[in-house]
Amino acid sequence: MDMLQRLWFSCWDKLTGTVGRVRLLRPILALVGLYLLVSVGLGIWWSQEPAPFTIEPLVVQSANGQSQKVIGSATVSTLIKITDTLLQKQGGYLSNDRTPPGIWLDNIPNWEFGVLVQARDMSRAMRKDFSRSQSQSTEDVDLKAAEPLLHFDSDSWVLPSSEGEYKKALKYLRAYEVRLSDPQQQDAQFYSRADNLRGWLADVSTRLGSLSQRLSASVGQKRVNTDLAGESSARQSTDNAGDREVKTGFLEIDDVFYEARGTAWALIHLLQAVEVDFADALEKKNALISLRQIIRELEATQGTVWSPMILNGNEFGLLANHSLVMASYISRANAAIIDLRSLLEQG
């Protein structure tokens with residue numbers, strides 16, 4: 001027993017001695033330093049937002065060789081493109097990463113969530129309205145399968161992974177796209193009507209309204225409770241105070257900002273596709289200019305952020321408040337969408 005103890009202490013002294021420590025620590029520190037350097041470089045590269053793309057090359061021509069464009073091809077192709085961008089951009093899909101550098105990043109995952117929400121809303125609109133002629137008609141088989149897959153948990157790592165489910169959704173969306181462009185597949189339809197478009201725009205308006213409020217709350221606001229305004233008989237589950245303080249947490253400010261950036265990025269492309277597929281309905285309502293103005297407002301949200309961090313200065317202080325600037329563009333786009341819905345409702 002004494003011999004084993006002496007042997008153990010002898011080995012321990014060698015390992016923990018000055019020379020031993022230096023020999024062991026140098027390669028370990030070098031490897032750790034190299035790993036951190038590579039991770040930081042990858043993190044900076046992966047944090048670059050994808051560039052915008054053009055809609056025209058995505059528009060599918062009729063499968064019978066004619067030059068006539070297929071109604072709905074721009075919308076479904078754009079939905080496929082923005083969903084595929086989530087998976088194929090530099091760094092891939094980062095929201096469910098469990099290893100560095102992905103686990104350290106939060107700007108791009110929030111950007112991804114903004115894009116994903118718009119992809120989900122459009123897939124639901126296509127399944128519920130765009131592909132159906134009336135409320136009693138049947139759902140498209142491919143869209144029926146694709147929509148729930150896009151609603152799968154956005155941060156699932158394995159069994160199954162988020163990427164795996166979204167890839168399955170893309171497979172069904174591409175199958176719908178192929179059937180849509182084939183004149184022989186008459187069960188695949190896309191109905192370009194003003195009432196269909198109004199329904200989807202209502203969802204978009206709700207999303208933008210929520211983002212605008214969260215962005216504006218970056219500096220804290222005292223708001224009057226208007227939950228039951230407009231109807232004397234309205235009731236709610238739990239009473240709220242007449243005035244309440246609303247403020248986005250300091251650590252959430254950049255999260256909301258990049259979610260809004262992702263939302264606007266996706267909407268720019270989806271609205272451009274809508275301009276193609278719903279051109280006749282928009283022209284009849286004299287609403288094309290209104291749609292283009294919405295796109296213009298959203299394009300302003302994609303300007304380069306020169307600051308290394310999202311600043312949260314006071315409304316009229318020395319430092320900028322990036323959230324309030326973003327809220328301004330989002331609010332103006334939302335107001336234009338409300339006006340557009342009103343135009344589409346008119347005869």
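Keep in mind that this is a model prediction, so the values were computed, not measured. (Residues numbered from 1 in each chain as written. Predicted model: local features only at pLDDT ≥ 70, side-chain atom pairs only at ≥ 80, totals over all residues. Heavy atoms only, no water.)

(A) How the structure looks around the side chain of Glu147. Positionally, Glu147 belongs in helix H5 (residues 141–150). Classification of Glu147 as buried rests on a relative accessible area of 11%. Among all residues touching Glu147, those that are not within four sequence positions of it are Ser123, Arg124 and Arg127. (Helix = DSSP H or I, 4+ residues; strand = E, 2+ residues; numbered from the N terminus. Buried < 20%, exposed > 50% of the residue type's maximum accessible area, 1.4 Å probe, protein only. Contact = heavy atoms within 4.5 Å.)

(B) Fine view of the environment of Gly114. Structurally, the position occupied by Gly114 is in helix H4 (residues 107–130). By relative accessible area, Gly114 is classed as buried at 0%. Separated by 148 residues in the primary sequence, Gly114 and Gly262 place their C-alpha atoms 4.6 Å from one another. Those residues in contact with Gly114 that sit more than four places away from it in its chain are Glu259, Gly262 and Thr263.

(C) Highlighting the pattern of salt bridges. Scanning all chains against the criterion turns up 17 salt bridges. The shortest N-O distance in the salt bridge between Arg127 and Glu139 comes to 3.1 Å. Here Glu139 lies in the loop between H4 and H5 and Arg127 lies in helix H4, a separation of 12 residues in the sequence. Since its relative accessible area comes to 17%, Arg127 is described here as buried. Here Asp142 makes a salt bridge to Arg179, at a shortest N to O gap of 2.7 Å. Of the two residues, Asp142 is situated in helix H5 and Arg179 in helix H6 (residues 162–180); the sequence distance between them amounts to 37 residues. The exposure classification of Asp142 matches that of Arg179, with both residues buried. Through salt bridges with shared partners, a single network forms among Asp121, Arg124, Asp203 and Arg207. (Salt bridge = Lys/Arg side-chain N within 4 Å of Asp/Glu carboxyl O.)

So, to be careful, I would describe these as geometric facts and stop short of saying anything about function.
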